[in-house]
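Descriptive structure summary
What follows is each chain in one-letter form.
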Amino acid sequence: MIRRIVKGERSTVNGLTGGRPGPPFALYCSLFTVYCLLFTAGCGYQSSWAAVDGDTPALVAQLDAGLDVNTPTTLLGTRLLILAAAHGHTDTVQALLEKKADVNVADVTGWTPLHAAAYGGKPEIIQLLLDRGATVPPSNWYTPTPLELAEMLGHQDAVDLLKKTSSIKTNR
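So, a few notes on the structure that sits alongside this text. (Residues numbered from 1 in each chain as written. Predicted model: local features only at pLDDT ≥ 70, side-chain atom pairs only at ≥ 80, totals over all residues. Heavy atoms only, no water.)

Here we look at the packing of aromatic side chains
According to the stated counting rule, one finds 1 aromatic pair in the structure shown. Taking the centre distance of 5.9 Å and the plane angle of 65° together, the rings of W111 and Y119 count as edge-to-face. The exposure class of Y119 is partly exposed, given its relative accessible area of 47%. (Phe/Tyr/Trp six-rings, centres within 6.5 Å; stacked < 30°, edge-to-face > 60°. Buried < 20%, exposed > 50% of the residue type's maximum accessible area, 1.4 Å probe, protein only.)

Points about helix α7 (residues 113-120)
Across the 8 residues that make up α7, a large majority, 6, are buried. Inspection of α7 places P113, L114, H115, A116, A117 and A118 among the buried residues, and these make up the whole buried set. Its buried side turned inward, α7 meets α5 (80-86), α8 (123-131), α9 (146-153) and α10 (156-164). Once α7 finishes, G121 follows within two positions and takes phi at roughly 65°, a positive value. (Helix = DSSP H or I, 4+ residues; strand = E, 2+ residues; numbered from the N terminus. Contact = heavy atoms within 4.5 Å.)

Let's talk about unusual backbone geometry
For residues other than glycine, phi is negative in most cases, and the peptide bonds are mostly trans. At K100, a position not held by glycine, the phi torsion is positive, near 75°. With respect to the helices and strands, the residue K100 is situated in the loop between α6 (90-98) and α7. Residue K100 is classed as exposed on the basis of its relative accessible area, which comes to 66%.

Brief notes about the pattern of salt bridges
With the rule as written, the count across this model stands at 2 salt bridges. When the shortest N-O distance is used, the salt bridge between D64 and K99 registers 2.5 Å. Here D64, found in helix α4 (residues 56-64), pairs with K99, found in the loop between α6 and α7; they are 35 residues apart in sequence, far enough to count as distant. The class of D64 is exposed, set by a relative accessible area of 53%. Under the relative-accessibility criterion, K99 is labelled partly exposed at 32%. Between K163 and E151 there is a salt bridge, with the nearest N and O atoms lying 3.7 Å from each other. (Salt bridge = Lys/Arg side-chain N within 4 Å of Asp/Glu carboxyl O.)

This is the structure in C-alpha cells:
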C-alpha cells in the first residue's frame, strides 16, 4: 500500500479512491513543507523579519506600538532576541535587551540567545548577553552548550570568550 501511495499508483483501500490514481506521496510532502514554512515558521510576522534583517528602527517602532518583546514568533517558541542574535545584529540585540527581552529565554529545544550567538560566532553579542546575565543551561542529547557549538563550528573568538567566562563549563 505504501509503495502504491509513493508511486501514485491506483489504490482501492476500502473503496475510497474508486480505483482512480491518487496524487503522488511527494506532492503531499511538498504541500506539507509549504504549510510548515508559511504557518509555523513565523514568516507572516513583520517583527520576525525586522529581527532577522537587523531593522532596529522598525522593530523598536513595533515594540513601542505594543508588541510584546518576549512573544514567540514560531511554534518552536523562537523569540526576537534569538533571531537577532542568530543573525549577528548587535544593535538589534541591544535594543531588544533595553526593551526588557528575556536574556535567558529558550525555545522548545532549549536553544537560547547565547546558543544563537555562539552558533554565529559573534563574540560581541555573546559578551553583551553575558553582561546582561545570560546563563547557560546544561547540554542534553539534542542541544549542546554554546561553548560546544562554537567549538564544533570553529568559531575560535567565541570559544575563547566562552572559556574565559567562569560560569560556563564544558560537559566533557
